[in-house]
Amino acid sequence: MVEGTPQARAKRTRVRECLRELVDAGMPGDGIPSERTLCERFGVSRPTLRAAVDELVAAGLLVREHGRGMFLAPAKITQELAPAGGGPGFSLPRSSGAWASRVLEFTTLPAGAGIGRKLRLTPAAHIVRVARLCLVDGEPLAVEHVHVPAELVPGLAPTDMERGDFYQLLGTAHGVKVHEAVQAIEPTVVSHREAKLLGVPLLSPALRFERLTTDRTGRPVEYLNSVYRGDRYRIVSRMSLAEPDPASDPSPADGPRHHFGIRSGGPTARGAGRTFTRGDIQPLL
């Protein structure tokens, strides 16, 4: 059967769904039968099986280990997007796993035209630019690029970016009270440098985050862009369409919590009603 024909695509889809059943029935780290066994079980050729497996590997559901076989991938790091205390804003509970970060670059330089526009600075105004690798349970998950007006953070050191809550540091050490963050998320693929840092193949699927954080006066205090591994990170949202009770809805929280990814807990969306839907941002198979 020629690959790419309707019959071949239908057979690959059937095999993929059978493999999904194996994934759903197992636990992270479980092994799955060999290619020969699976080909016999599903009645397909090795090229058809491998094409289906490749799709699940790209989606982060299966992993291949040379000389050992195929295994169910580790559980994804989950970040929940939830309503802030029942109010109109959204907060972000802390993501799962033990988070850490390692500074890759720390420099002070002119903002330039692009970052200057984001932070409402002149191109000649100085910013602190920090690149850091984010890890969960010791495994690389994301590459972040943080840009902060230099005049807001005198004395900021690389070690400050590797420990604690950066937003809390802005408030306690520099008197900057963050208030709101607007963030965009879009699919992308990793570059050569990102692939090397994250330990994934070139052009692997990823999620790109872009966030602008402002203080209580609306002044931009941070511009961040980052790339997260698409095979290891997902976002879960909860939404409710129920009409809010004005008498019982408390005021939004004073400021965002600073976690990785979409870790700011500020009001990133506003509108009537609290939330309760659930969805994962990951490739659809």
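Residues numbered from 1 in each chain as written. Predicted model: local features only at pLDDT ≥ 70, side-chain atom pairs only at ≥ 80, totals over all residues. Heavy atoms only, no water.

1. Section: the nonpolar core
Here is step 1 of the chain: Grouped together as the largest cluster of nonpolar side chains are 18 residues, with contacts concentrated most on Val146, Val153, Leu156, Met161, Phe166 and Leu170.
Here is step 2 of the chain: Broken down by secondary-structure element, the contributors of at least two residues to this core are strand 6 (126-136), strand 7 (139-149), helix 5 (166-174) and strand 10 (220-229).
Here is step 3 of the chain: Counting residues per element, this core draws most heavily on helix 5, at four residues.
Here is step 4 of the chain: Those residues within four positions of Leu156 in sequence are excluded, and the remaining contacts are Phe106, Val128, Met161, Phe166, Leu169 and His174.
Here is step 5 of the chain: Formed by 17 residues, the second largest nonpolar core is a distinct cluster that contains Leu19, Ala52, Ala59 and Leu62. (Core = buried A, V, L, I, M, F, W, Y, C linked by side-chain atoms within 4.5 Å. Buried < 20%, exposed > 50% of the residue type's maximum accessible area, 1.4 Å probe, protein only. Helix = DSSP H or I, 4+ residues; strand = E, 2+ residues; numbered from the N terminus. Contact = heavy atoms within 4.5 Å.)

2. Thoughts on the packing of helix 1 (residues 6-25) against helix 2 (residues 35-42)
Here is step 1 of the chain: Relative to each other, helix 1 and helix 2 sit at 115°, their axes nearing to 11 Å. Regarding helix 1 and helix 2, the two cross each other, and that crossing is right-handed. In this structure, helix 1 contributes Arg14, Val15, Cys18, Leu19 and Leu22 to the contact, and helix 2 contributes Leu38, Arg41 and Phe42.
Here is step 2 of the chain: Split into classes, the residues belonging to the contact of helix 1 with helix 2 amount to six nonpolar, no polar and two charged. (Axes fitted to C-alpha atoms, helices over the stretch in contact; angles between N-to-C directions. Left-handed = near helix turned anticlockwise from the far one by under 90°. Nonpolar A, V, L, I, M, F, W, Y, C, P; charged D, E, K, R; others polar.)

3. What about the sheet that holds strand 5 (residues 99-110)?
Here is step 1 of the chain: In space, the six strands of this open sheet follow the order 5-6-7-10-9-8, with antiparallel pairing throughout. Both outer strands of the open sheet, strand 5 and strand 8 (178-189), are each paired with one neighbouring strand and no more. The mean inter-strand angle of the sheet, taken between neighbouring strand axes irrespective of direction, is 15°. (Pairing = 2+ DSSP bridges.)

4. Examining the pattern of salt bridges
Here is step 1 of the chain: Taken as a whole and judged by the stated rule, the model has 16 salt bridges.
Here is step 2 of the chain: Among the salt bridges present, the one from Arg12 reaches Glu55, with a minimum N-O distance of 3.2 Å. Pair noted here: Arg12 is in helix 1 and Glu55 is in helix 3 (residues 46-58), with a separation of 43 residues, a long-range link.
Here is step 3 of the chain: Among the residues examined, Glu55 registers a relative accessible area of 24% and is labelled partly exposed.
Here is step 4 of the chain: The partner of Glu139 in a salt bridge is Arg232, with the nearest N and O atoms 3.1 Å apart. Linking Glu139 in strand 7 with Arg232 in the loop between strand 10 and strand 11 (233-237), this pair joins segments that are 93 residues apart in sequence.
Here is step 5 of the chain: A relative accessible area of 28% means that Glu139 is categorised as partly exposed.
Here is step 6 of the chain: Take Arg232: its relative accessible area is 9%, and that puts it in the buried class. (Salt bridge = Lys/Arg side-chain N within 4 Å of Asp/Glu carboxyl O.)

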